[in-house]
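Below are the chains, spelled out letter by letter.
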Amino acid sequence: MSLDKPKAHETTADDAALLSHCKETITVAKHYREEIPDIVSALVNSCSVEGCFDHVGPEPIPSRDAVVDIINRICRILYPGYFIRQRVDRINVGYYFGQELTALYEDLSEQITLAVRHDCIRNNLPCSHCEDRGHRSAIDFMKKLPDLRKLLATDIRHAYEGDPAAASFDEIIFSYPGLFAITIYRIAHRLYHLDVPMLPRIMTEYGHSKTGIDIHPKAHIGESFFIDHGTGVVIGETTTIGDRVRLYQGVTLGALSLSRSECDSLRNQKRHPTIEDDVIIYANATVLGGNTVIGARSVIGGNVWITHSVPPDTEVFIKKQDLIFGTKHFKERAEKECIANPVKEA
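Here's what I pulled together on the structure shown here. Here the structure is a predicted model, which means the values were calculated and not measured.

### As for the packing of helix H3 (residues 64-78) against helix H8 (residues 177-193)
- Relative orientation of the contacting elements H3 and H8 amounts to 100°, with a least axis distance of 11 Å. Our classification of the angle between H3 and H8 gives roughly perpendicular. Contacts from Ile71, Ile74, Cys75 and Leu78 of H3 reach H8 at Phe180, Thr183, Ile184 and Ile187.
- Partitioning the contact of H3 with H8 into residue classes produces 7 nonpolar, 1 polar and no charged.

### Brief notes about the sheet that holds strand E3 (residues 226-228)
- The 5 strands are arranged E3-E6-E9-E12-E14 in an open sheet whose pairing can be described as parallel. The two strands at the open ends of the sheet, each matched to only one other strand, are E3 and strand E14 (315-316).
- The sheet contact formed by strand E12 (residues 299-300) and E14 spans 2 bridges and is parallel. Considered in E14, the bridge of valine 299 is made with glutamate 315.

### As for the environment of glycine 212
- Mapped onto the elements of the fold, glycine 212 is located in the loop between helix H9 (199-211) and strand E1 (214-215).
- Separated by 37 residues in sequence, glycine 212 and glutamine 249 have C-alpha atoms that sit 9.6 Å apart.
- Beyond its immediate sequence surroundings of up to four residues, glycine 212 is in contact with Gly207, Gly230, Thr231, Gly232 and Val233.

### Considerations on helix H5 (residues 130-143)
- Look at H5: 20 Å from first C-alpha to last across 14 residues, which is about the 20 Å you get at 1.5 Å a residue.
- Considered for burial, the residues of H5 that qualify are Cys130, Gly134, Ser137, Ala138, Phe141 and Met142. One face of H5 carries all of its buried residues, which in axial projection span an arc of 130°. What points out from H5, more than 90 degrees from its buried face, is the exposed set Asp132 and Lys143.
- At its buried positions, H5 is contacted by H3, helix H4 (93-122), helix H6 (145-162) and H8.

### Topic: the pattern of salt bridges
- Counted by the stated rule, this structure contains 13 salt bridges.
- Linking lysine 218 and glutamate 237 is a salt bridge whose minimum nitrogen-to-oxygen distance equals 3.3 Å. Taken together, the positions of lysine 218 in the loop between E1 and strand E2 (220-221) and glutamate 237 in the loop between strand E4 (234-235) and strand E5 (240-241) put the pair 19 residues apart, joining distant regions of the chain.
- For glutamate 237, a relative accessible area of 16% translates into the label buried.
- The salt bridge involving aspartate 313 is made with arginine 297; its shortest N-O contact spans 2.7 Å.

### Re the packing of H6 against H8
- Closest axis-to-axis distance for the H6/H8 pair is 11 Å, and the angle between their directions is 150°. Judged by the angle between their axes, H6 and H8 are roughly antiparallel. The crossing of H6 and H8 is right-handed. Each of Asp147, Leu148, Leu151, Leu152, Asp155 and Ile156 in H6 lies in contact with H8, whose residues at this interface are Leu179, Ile182, Thr183, Arg186, Ile187 and Arg190.
- When grouped by side-chain class, the residues that make up the contact of H6 with H8 number 7 nonpolar, 1 polar and 4 charged.

### Some details on the nonpolar core
- In terms of nonpolar packing, the biggest core is built from 65 residues, with Leu145, Met203, Phe225, Ile235, Leu247, Leu253 and Ile281 touching the most fellow members.
- At the level of elements, H3, H4, H5, H6, helix H7 (169-175), H8, H9 and E3 are the ones that each hand at least two residues to this core.

### Quick word on the packing of aromatic side chains
- Tallied over the entire structure, the rule returns 7 aromatic pairs.
- Here the aromatic rings of phenylalanine 83 and phenylalanine 174 are separated by 6.0 Å at their centres, their planes lie at 90°, and the arrangement is edge-to-face. Pair noted here: phenylalanine 83 is in the loop between H3 and H4 and phenylalanine 174 is in helix H7, with a separation of 91 residues, a long-range link.
- Looking at phenylalanine 174, the relative accessible area reads 51%, which means it is exposed.
- Pairwise contacts between aromatic rings join Tyr79, Tyr82, Phe83 and Phe174 into one cluster.

Rules used in this analysis
- Residues numbered from 1 in each chain as written.
- Predicted model: local features only at pLDDT ≥ 70, side-chain atom pairs only at ≥ 80, totals over all residues.
- Heavy atoms only, no water.
- Axes fitted to C-alpha atoms, helices over the stretch in contact; angles between N-to-C directions.
- Helix = DSSP H or I, 4+ residues; strand = E, 2+ residues; numbered from the N terminus.
- Parallel < 35°, antiparallel > 145°, perpendicular 65-115°, else oblique.
- Contact = heavy atoms within 4.5 Å.
- Nonpolar A, V, L, I, M, F, W, Y, C, P; charged D, E, K, R; others polar.
- Pairing = 2+ DSSP bridges.
- Expected span 1.5 Å × (residues − 1).
- Buried < 20%, exposed > 50% of the residue type's maximum accessible area, 1.4 Å probe, protein only.
- Arc of directions from axis to C-beta.
- Salt bridge = Lys/Arg side-chain N within 4 Å of Asp/Glu carboxyl O.
- Left-handed = near helix turned anticlockwise from the far one by under 90°.
- Core = buried A, V, L, I, M, F, W, Y, C linked by side-chain atoms within 4.5 Å.
- Phe/Tyr/Trp six-rings, centres within 6.5 Å; stacked < 30°, edge-to-face > 60°.

These values are about where atoms sit, not about what they do.
Shown next, in the form of structure tokens:
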């Protein structure tokens, strides 16, 4: 039995043309790539120009990715068994908390240390012993986790009691964007009270980007808080919210518009409203101003604009609109615009 040797590939005119085209493409790409070093130099030079923002130096700053990882780890601690694939039961729950808390301590203390050190250097502050503050603040925060779990439980129950569409507590924990935003806010708010710079705002803005709900970490919010649907809700820095308050999508608890000079003078003053206990604020309502108080048990209707206080037990609604109803006159418009009627006769 003889084996035929494979025939050598014969170069054709088409092959030669393809090879020539490939060489030409490489040459063109090389020409453009040679411009990259000049762009690099221009970017390096821009780091020495006033007016541009960068952090080029030996001192590291907090990592946003690390902060997001910390949020996810804290959520696994606050809601054990919900956000992992492994099963958690009475046998391994101690091991589960031990592993998660140890890792949280390492990551959180590092990021707090970086944030404190950066704040000191940026503002030319005297040494505040950032390493010690990082470790101390991380432990102090972790000690509050049991209380934080109890507080979030009131939020979950209020959500279930106020939303007939909620099938279970599990559904709320897994899927409600309002609870996710509130959870991140309560984490960030605790860190704010421990005088941790930067990290609380990174956390709440991450929640904002994920849910469309913007809650400033310095706002004060009582227990049993529920945001239904949630998209577009804004809760400003100096807002005070009592217990058992319910907000719907698009609600703004904001400040009145300020000039630049007023902004500087009111930076640490109360600029946002106070919402007392058991208030309900419906969709797209806007409540503005640091002197504005919505009294307990009041109901604010949708699309209302409020810049003054409302007494307790008050309902505020927009006067019924005059709606105009008429026939569509589709056939006449279709003939006028010379378009075919999409409904074909059988």
